[in-house]
Amino acid sequence: MHKIRISAIQSGSIAEELGIEAGDLLLSINGCEIKDIFDYRYHIADSEISVEIEKKNGDVWQLEIEKDEAEDLGLEFENSLIDEEKSCRNKCIFCFIDQLPKGMRDTLYFKDDDARLSFLFGNYITMTNLSDSEIDRIIRYRMSPVNISVHTTNPELRKKMLNNRFAGDVLEKIRRFTSNGITVNTQIVLCPDVNDGKELDRTIEDFTNLHPYLHSISVVPVGLTKFREGLYQLRPFDKEMAQNVVEQVESWQNKLLGKFNSRIVYLADEFYILAGRSIPPYHDYEDFPQIENGVGMVASFIQEFDDAIKEITYQSADSHIDIKFKKVSIATGMLVYNHIRDIAERIEKELGVKVLVYPVENTFFGKNITVTGLLTGYDLMRELKGKDLGERLLLSRNMFRAGTGVMLDDV
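Keep in mind it's a predicted model, so treat the numbers as computed, not measured.

What counts, and at which threshold
Residues numbered from 1 in each chain as written. Predicted model: local features only at pLDDT ≥ 70, side-chain atom pairs only at ≥ 80, totals over all residues. Heavy atoms only, no water. Helix = DSSP H or I, 4+ residues; strand = E, 2+ residues; numbered from the N terminus. Areas by Shrake-Rupley, 256 points an atom, 1.4 Å probe, with all protein chains shown as cover. Lys, Arg positive; Asp, Glu negative; His and termini not counted. Charge placed at Lys NZ, Arg CZ, Asp CG, Glu CD. Core = buried A, V, L, I, M, F, W, Y, C linked by side-chain atoms within 4.5 Å. Buried < 20%, exposed > 50% of the residue type's maximum accessible area, 1.4 Å probe, protein only. 1 Å grid on protein atoms, 1.4 Å probe; cavity = no way out; pocket = protein on both sides within 12 Å on 5 of 7 lines; lining within 4 Å. Points joined across faces, edges and corners; volume = space filled by probe spheres on them. Nonpolar A, V, L, I, M, F, W, Y, C, P; charged D, E, K, R; others polar. Salt bridge = Lys/Arg side-chain N within 4 Å of Asp/Glu carboxyl O. Phe/Tyr/Trp six-rings, centres within 6.5 Å; stacked < 30°, edge-to-face > 60°. Lys NZ or Arg CZ within 6 Å of the ring centre and 35° of its normal. Axes fitted to C-alpha atoms, helices over the stretch in contact; angles between N-to-C directions. Parallel < 35°, antiparallel > 145°, perpendicular 65-115°, else oblique. Left-handed = near helix turned anticlockwise from the far one by under 90°. Contact = heavy atoms within 4.5 Å. Pairing = 2+ DSSP bridges. Right-handed = clockwise from strand over helix to strand, strands pointing away.

S.K.: Outline the overall build of the protein chain, listing residues and values.
M.R.: Of regular secondary structure, the protein chain possesses 12 helices and 12 strands. A principal-axis box enclosing the C-alpha atoms of the protein chain has dimensions of 65 × 60 × 50 Å. About 21,100 Å² of surface is accessible on the protein chain, with carbon and sulfur atoms providing 48% of the total. For the protein chain, the distance from the average site of its 49 positive side-chain charges to the average site of its 68 negative ones is 7 Å.

S.K.: Tell me about the nonpolar core, residues and numbers included.
M.R.: What tends to happen in soluble globular proteins is that the nonpolar side chains get buried as a cluster. If you look at the biggest cluster of nonpolar residues, it comprises 100 residues, and the most contacted ones within it are Y40, I148, I174 and F177. A total of 7 residues in this core trace back to one element, the largest contributor, which is helix α8 (residues 239-260). A331, L356, M399 and M407 belong to the second-largest nonpolar core, a separate cluster that totals 9 residues.

S.K.: Mind laying out the layout of surface pockets, listing which residues take part and the relevant values?
M.R.: Of the voids in this model, the second largest pocket is the one considered here, and its volume is about 350 Å³. Contributing to the lining of the second largest pocket are 17 residues, with F237, E270, L274, N368 and T370 lying nearest its centre. Breaking the lining of the second largest pocket down by element, the ones donating at least two residues are α9 (269-275) and α11 (337-351). Here the lining of the second largest pocket gets 4 residues from one element, more than from any other, and that element is α9. Residue classes in the lining of the second largest pocket are distributed as 11 nonpolar, 4 polar and 2 charged.

S.K.: Would you mind going over the pattern of salt bridges in detail, with residue names and values included?
M.R.: Scanning the model with the defined rule gives 30 salt bridges in all. D114 is paired through a salt bridge with R116; the nearest N and O atoms lie 2.8 Å apart. Each of the two residues, D114 as well as R116, counts as buried. When the shortest N-O distance is used, the salt bridge between E383 and R382 registers 3.6 Å.

S.K.: Hey, could you go over the packing of aromatic side chains for me, with residue numbers and the actual values?
M.R.: What the rule picks out here adds up to 9 aromatic pairs. Taken together, a centroid distance of 4.8 Å and an interplanar angle of 45° make the contact between Y282 and F288 tilted. Members of the aromatic cluster, joined through ring pairs, are Y266, Y282, Y285 and F288. The ring of W61 has K55 lying over it, and the distance from NZ or CZ to the ring centre is 4.4 Å.

S.K.: Explain the packing of helix α4 (residues 132-141) against helix α6 (residues 170-178) to me, and be specific about the residues and the numbers.
M.R.: At their nearest, the axes of α4 and α6 sit 10 Å apart, and the two run at 25° to each other. On the basis of their axis angle, the class for α4 and α6 is roughly parallel. Once α4 is placed against α6, the crossing between them reads as right-handed. Residue-level inspection shows D132, I135, D136, I138 and I139 of α4 in contact with α6, the latter providing K173, R176 and F177. Tallied by class, the residues present in the contact of α4 with α6 amount to 4 nonpolar, no polar and 4 charged.

S.K.: Report on the sheet that holds strand β1 (residues 4-9), specifying residues and quantitative values.
M.R.: The 5 strands are arranged β4-β3-β2-β1-β5 in an open sheet whose pairing can be described as antiparallel. Two strands in the sheet have a free side with no partner beyond their single neighbour: β4 (60-66) and β5 (75-77). Within the sheet, the average angular offset between the axes of one strand and its neighbour, ignoring direction, is 45°. With 7 bridges joining them, strand β3 (residues 48-54) and β4 adopt antiparallel strand pairing. Within β4, the position partnered with I49 by the bridge is I65.

S.K.: Just give me the short version of the pairing of strand β10 (residues 327-333), but keep the residues and values in it.
M.R.: Each regular strand carries side chains that alternate between the two faces of the sheet. Counting buried residues in β10 gives 6 out of 7 residues, a clear majority hidden from the surface. In this structure, β10 lies alongside strand β11 (residues 354-360), joined through 7 bridges in parallel fashion. Among the inter-strand pairings, K327 is bridged to a residue of β11, identified as K354. This β-α-β element, β10 to α11 to β11, shows right-handed connectivity. Here β10 runs beside strand β12 (residues 392-394); their pairing, made up of 3 bridges, is parallel. When the sheet's bridge partners are listed, I330 is paired in β12 with L394.

S.K.: Quick rundown of the environment of I49? Include the residues and the values.
M.R.: As for its placement among the helices and strands, I49 is situated in strand β3. Measuring from C-alpha to C-alpha, the distance between I49 and E64 comes to 6.0 Å, with 15 residues separating the pair along the chain. The contact partners of I49, leaving out residues within four places of it in the chain, are N30, H43, I44, L63, E64, I65, K67 and L73.

S.K.: Provide a residue-level description of the packing of helix α7 (residues 198-208) against α8, including the pertinent values.
M.R.: Contact geometry of α7 with α8 gives a least axis separation of 11 Å together with a crossing angle of 20°. As judged from the angle between their axes, α7 and α8 are roughly parallel. Between α7 and α8 the crossing geometry is right-handed. Residue-level inspection shows L200, D201, I204, E205 and T208 of α7 in contact with α8, the latter providing Q248, V249, W252, L256 and F260.

If you want it as structure tokens, here you go:
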């Protein structure tokens, strides 16, 4: 029998009330052995469940529990999956991890490709290591949505892009999900001269035939660091190429909006900025299905800023607003510098706070990497040394490892 060690108990939970403790072992739920987080989430979803626990002294408790269907038991495990993560079996021509320099922390080099992480944390998977039985289990457990890195629906081209001869059946697998009511979000990493142009048209058309359960398609530009020696020859997007992609995708959006009342396909902010085009308005991103992919992040940020300014203006009409700092600074990536600068100017005009904005070039990964989240401590210190930082320096939280103050280069 597979025994799962309980690492912690949430305060005020059902588990704490029943006397379950850290170090106890979970044996089964509803008489079923629990192999991973999918099994656990599925079996605790009932309002009446039977839980078998082995105490640290060897005693076995059989607990009959009545609860709300959505209520958790309050058990925490050493591994969020209750099982080992599945690693990627591909050798994608655009893989960012293959472009990392040596000497970084080990966790940065692990390539996950796990459907359970897709459900829990929104990670994207290729499905090349997903068996038929695992697909059936996702459908049976209603684990929705599933986020899939597709890149192309052309079977032979996908095999080439992923360097995996088993990668060509992606559309068939997605159809199994959508035909069974599982929502799917898809991602296309667009590589010039590889899966763009007519190949992009083909992929979008194949996907939109699966709407509404094929919920969204994101198109993001390939990210190229300076560490590509020995890797597949790829070139970055320039302004003209980006303009062509924007026009191509906007044509699809107009067509799909009329047919399905949804744009379905969305471009990463980077394409608009690189093309010298305005970021689409907030409502064009509908329910922001892929904001973590850099799709609509600028529009969302501007909207949040506008709402905050309105709230401050409303409050100041009735009472004095105490401004804590008179001068602050922001360090940001090259990509969004102009947008952050525009907001800084509005803050100074409307609130009287001076905001100094410093664009930071990424010399660690190379100048082609322009997003804020991939800046390192090395580049920040290089750029900001000797600069006027005001009373506070503000840094985006996506520069840091989640829950820490540690950056990509361990600064």
